[in-house]
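# Descriptive structure summary
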Amino acid sequence: MMKQFPEIDPLTIKQHPNLVASLQDDRKPYKTWYFLIIDDYMLIANATYKEQKQKWLHYQIEFPKQGLLWYLDSLRTKFFKTEAEGGLPKGKFHDKAVIDGEQLKLERCFGLGADGRSGGYAFVTLDRKDDTGFAKEYNFTDALLFEHGLIDVLDDIAAKIKAGVL
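Residues numbered from 1 in each chain as written. Predicted model: local features only at pLDDT ≥ 70, side-chain atom pairs only at ≥ 80, totals over all residues. Heavy atoms only, no water.

## Let's talk about the sheet that holds strand β1 (residues 19-24)
Across a sheet, strands are paired by hydrogen bonds formed along the backbone, either parallel or antiparallel in direction. Strand order in the open sheet formed by four strands is β1-β2-β3-β4, with antiparallel pairing between adjacent strands. Both outer strands of the open sheet, β1 and β4 (55-64), are each paired with one neighbouring strand and no more. Each strand of the sheet is rotated relative to its neighbour by a mean of 20°, with strand direction disregarded. Judged from the ten bridges that link them, strand β3 (residues 41-50) and β4 form a sheet pairing that is antiparallel. When the bridges of β4 are listed, Tyr-41 appears paired with Pro-64. Contacts from helix α1 (residues 66-79) reach β3 and β4, with the element oriented near 90° to β4. Docked against the sheet, helix α3 (residues 150-162) engages β1, β2 (31-38) and β3, running at close to 10° with respect to β2. (Pairing = 2+ DSSP bridges. Helix = DSSP H or I, 4+ residues; strand = E, 2+ residues; numbered from the N terminus. Axes fitted to C-alpha atoms, helices over the stretch in contact; angles between N-to-C directions. Contact = heavy atoms within 4.5 Å.)

This is the structure:
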């Protein structure tokens, strides 16, 4: 049975004892990404205050913390390499694995960003569903990952998981 997590509280997440990192979104300065390690799980959450609606919007995904190591390894060994180098076969845009009993998927995305033309990656938790019944996932643009520090934040957390600190 998968461990279930309550929805984060956007008003108190900054003080959460399991918060290990946060990052301001590159395209929406009013949106912040939060990274938590709770027991053997990682939670990625975001909170955005909608001024015109006077309310917080938030979302989160959860997966085994070893899944972060898999997401990063898959990104580098499957997506950044050619088929001849051991990467994904031509025309394949996703990789899947079962990590600590949960199905995870990393997928190349297109049509992201304000211009609708940016690429990026989706971190998908196939066994965990959102309110609409779809798999929980986050799409991160290449710009957020590689130009605005998300990959550095994730690498730092992964190093701490590997070292047994988190």
